[in-house]
Amino acid sequence: MQNAIVRAKELFIYDMRKHKLMTGIAVVVLVGAVFGAWRWYGGSQSAQEVSAPADWQMYTSETMNLSIAYDSKLTKHSDSASDVRFSMWGPTQKGQTEMYDGIIFSMRTFPTPSGTDAYIKSQEQMFKDVGTITKPLSDEILAGESVKRIQVSALGDFDIIYIPRSDTTMLEISFMTPDPTNAGFRAIVDTMLSTLRLK
């Protein structure tokens, strides 16, 4: 009988230790998940940092206060110090027509005298009037900053990202990636965005 009691006590202690161990593991996993989510969703920009492929190039603009990596196959165009465009034709794209196969990725910074919120609202209304909003404005985190993003269809399907740099200065990123041959254009743009650094 005494042996049975001793054995019961040993089993109870073992179960308690096992329970504490499992609880400890669960707490560690939970804390790690919360910390990881905090880092990813803006607690630290470094969590979003992604190394660009070795054959990519880096574009840096002191005027726009940013840097971004881009695929070397893209052609870079710039009309002024406050804008830049990257583009590439896909295999079926022909002639000077609308883009139906390829990448167009544009960034520009400009003043918004009426304020950045008013500018975003005016753009939203314009797209309602002349096109179709395929995904309404949403709040996101990009390069550690709070941004607004909208998807529209107007002479092509575009994503537009609005990044207020001050109360009256806007950085606007727009891109389209029609990809009828599944060449991976959207993945290229997603990688570009992941390398964006704002100063």
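Criteria and thresholds
- Residues numbered from 1 in each chain as written.
- Predicted model: local features only at pLDDT ≥ 70, side-chain atom pairs only at ≥ 80, totals over all residues.
- Heavy atoms only, no water.
- Helix = DSSP H or I, 4+ residues; strand = E, 2+ residues; numbered from the N terminus.
- Buried < 20%, exposed > 50% of the residue type's maximum accessible area, 1.4 Å probe, protein only.
- Contact = heavy atoms within 4.5 Å.
- Areas by Shrake-Rupley, 256 points an atom, 1.4 Å probe, with all protein chains shown as cover.
- Pairing = 2+ DSSP bridges.
- Axes fitted to C-alpha atoms, helices over the stretch in contact; angles between N-to-C directions.
- 1 Å grid on protein atoms, 1.4 Å probe; cavity = no way out; pocket = protein on both sides within 12 Å on 5 of 7 lines; lining within 4 Å.
- Points joined across faces, edges and corners; volume = space filled by probe spheres on them.

Q: Just checking my understanding: could you explain the overall build of the protein for this structure?
A: Scanning the protein for helices and strands turns up three helices and 10 strands. Seen in sequence order, the protein has helices and strands lined up from the N terminus as α-β-β-β-β-β-α-β-β-β-β-α-β. Taken over 199 residues, the protein has a buried fraction of 33%. In the protein, of all internal contacts separated by at least 6 residues, the share reaching a separation of at least 24 is 48%. For the protein, the accessible area works out to roughly 12000 Å², and carbon and sulfur atoms hold 57% of it.

Q: Please explain the sheet that holds strand β8 (residues 157–166) as it appears in this structure.
A: Consider a sheet: its strands pair through backbone hydrogen bonds, and that pairing is either parallel or antiparallel. Sheet architecture is open: seven strands sit in the order β3-β4-β5-β9-β8-β7-β6, paired in antiparallel fashion. Each edge of the open sheet carries a strand with a single partner, namely β3 (75–77) and β6 (132–142). Strand-to-strand twist across the sheet, computed as the mean angle between neighbouring axes with direction ignored, equals 20 degrees. Direction of pairing for β6 relative to strand β7 (residues 145–153): antiparallel, over a ladder of eight bridges. Paired with Ser 138 across the bridge in β7 is Arg 149. Relative to the sheet, helix α2 (residues 116–130) contacts β5 (102–111), β6, β7, β8 and β9 (169–176), its axis offset from that of β8 by approximately 165 degrees. Packed onto the sheet, helix α3 (residues 185–194) meets β4 (83–89), β5, β6, β7, β8 and β9 and runs at close to 30 degrees relative to β5.

Q: Hey, could you run me through the layout of surface pockets in this one?
A: Over the atoms, a rolled probe matching the size of one water molecule traces out where space is still vacant. In this structure, the second largest pocket occupies an estimated 150 Å³ of space. What lines the second largest pocket is a set of 13 residues, and nearest its centre among them are Gly 156, Asp 157, Phe 158, Met 176 and Thr 177.

Q: Mind showing me how you'd approach the pairing of β5 here?
A: For a regular strand, side chains alternate in direction, first toward one face of the sheet and then toward the other. For β5, a buried count of seven out of 10 residues is recorded, marking the element as mostly surrounded by other parts of the structure. Relative to β5, β4 runs antiparallel, the two sharing seven bridges. What sits directly across from Arg 85, in β5, is Ser 106.

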